[in-house]
Amino acid sequence: PVTVWEFDWDPQTSQLKMKGPPDGWTGTRDENDKKLTIRNKFGDTIVHSPQPYVHHFFLSHVQRECGDLCAFLTTELRKRSKFGKKIRCWFDQKASIINKRNMQIGIKHSRAYLLFLSPNVWRSAYVCFELKTAISLQKPLVLVHNPDENSSSFVSLEKLKEEAPQEFQEALQTVTVLSFAFQGPECSRMIEGLLEAADLMDHYQPDS
């Protein structure tokens, strides 16, 4: 049995006020799939299925080099999500508090880890910490590389792999690497590659 409580929302104070157990509602939680089911005395039933992840992708990057790419990808993934299956990204510009603990929590509760490659990626202590955390948690790893040589985020892919810290060398040998694109078929291939790597194609609504 689950205790069901009722709340009132006060728009003036932006606070919830507890009213107590509502009349006629009872609840149970399934021990196997953890689904929560509540019913009232009129026979109405509400079933809540817990989400396996808070975020689908954790976006790791050097802000001054790839912040615009992260913002674009976050928006694009949301636009190409099926109804009721919005693809969510952990993106530090959207986080209220940025510190190592919150980064760890963000990675732990994300389906996959996505790293934007750029010239200073290995000089970022935060990026290296995030990648080390993702590897330790055995998250699917995806690297995104900008092939535009005129972009501030462009870097030789071969050189970057060579310069990677020794502790990441093994993981980088088998990781998925995708080319970034803002539009056209190349953008669709990037999105599809990300979702395939994270086993999330059932969330995908192709761009019409």
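Up top you'll find the structure we're talking about.
Everything numeric here is computed off the predicted structure, so don't read it as measured data.

Can you lay out the packing of helix α2 (residues 100-108) against helix α3 (residues 125-136) for me, pointing to particular residues and giving the numbers?
Interhelical geometry of α2 versus α3 gives an angle of 40° and a closest axis separation of 10 Å. Judged by the inter-axis angle, α2 sits oblique to α3. Our pair here, α2 against α3, has a crossing hand that is right-handed. Residue-level contacts link Lys-100, Met-103, Gln-104 and Ile-107 of α2 to Tyr-126, Phe-129, Glu-130, Thr-133 and Ala-134 of α3.

Can you tell me about the state of the cysteines, naming the residues and giving the values?
In protein structure, a disulfide is the covalent linkage between the sulfur atoms of two cysteines. The final tally for this structure, using the stated rule, is zero disulfides. Cysteine Cys-66 remains unbridged, with the sulfur of Cys-70 as its closest cysteine sulfur at 6.5 Å. Overall, the relative accessible area of 0% leaves Cys-70 in the buried class.

I'd like a rundown of empty space enclosed by the protein, residues and numbers included.
Tallying each qualifying case throughout the model produces one cavity of 30 Å³ or more. Roughly 30 Å³ of volume is contained in the largest cavity. Lining the largest cavity are Leu-117, Trp-122, Leu-143, Leu-157, Leu-160, Lys-161 and Leu-172. Ranked by residue count, the leading element in the lining of the largest cavity is helix α4 (residues 157-163), at three residues.

Which residues make up the side chain of Arg-80, and what are the values?
Relative to the helices and strands, Arg-80 resides in the loop between α1 (63-79) and β7 (89-90). Sequence-distant contacts of Arg-80, that is, excluding residues within four places in its chain, are made with Cys-187, Ser-188, Ile-191, His-203, Tyr-204, Gln-205 and Asp-207.

Describe the pattern of salt bridges, listing the residues and the values that go with them.
All told, the structure shown has five salt bridges when counted by the stated rule. Taking the shortest distance from any N to any O, the salt bridge between Glu-76 and Arg-80 comes out at 2.9 Å. On the accessibility criterion, Arg-80 (5% relative accessible area) is buried. Here Arg-189 ties to Glu-186 by a salt bridge, and the two come within 3.9 Å at their closest N and O atoms. One end of the pair, Arg-189, and the other, Glu-186, are both in helix α6 (residues 184-197), three residues apart, so they sit about a helical turn from each other. Through salt bridges with shared partners, one network takes in Glu-76, Lys-79 and Arg-80.

The rules behind the values
- Residues numbered from 1 in each chain as written.
- Predicted model: local features only at pLDDT ≥ 70, side-chain atom pairs only at ≥ 80, totals over all residues.
- Heavy atoms only, no water.
- Axes fitted to C-alpha atoms, helices over the stretch in contact; angles between N-to-C directions.
- Helix = DSSP H or I, 4+ residues; strand = E, 2+ residues; numbered from the N terminus.
- Parallel < 35°, antiparallel > 145°, perpendicular 65-115°, else oblique.
- Left-handed = near helix turned anticlockwise from the far one by under 90°.
- Contact = heavy atoms within 4.5 Å.
- Disulfide = S-S within 2.5 Å.
- Buried < 20%, exposed > 50% of the residue type's maximum accessible area, 1.4 Å probe, protein only.
- 1 Å grid on protein atoms, 1.4 Å probe; cavity = no way out; pocket = protein on both sides within 12 Å on 5 of 7 lines; lining within 4 Å.
- Points joined across faces, edges and corners; volume = space filled by probe spheres on them.
- Salt bridge = Lys/Arg side-chain N within 4 Å of Asp/Glu carboxyl O.

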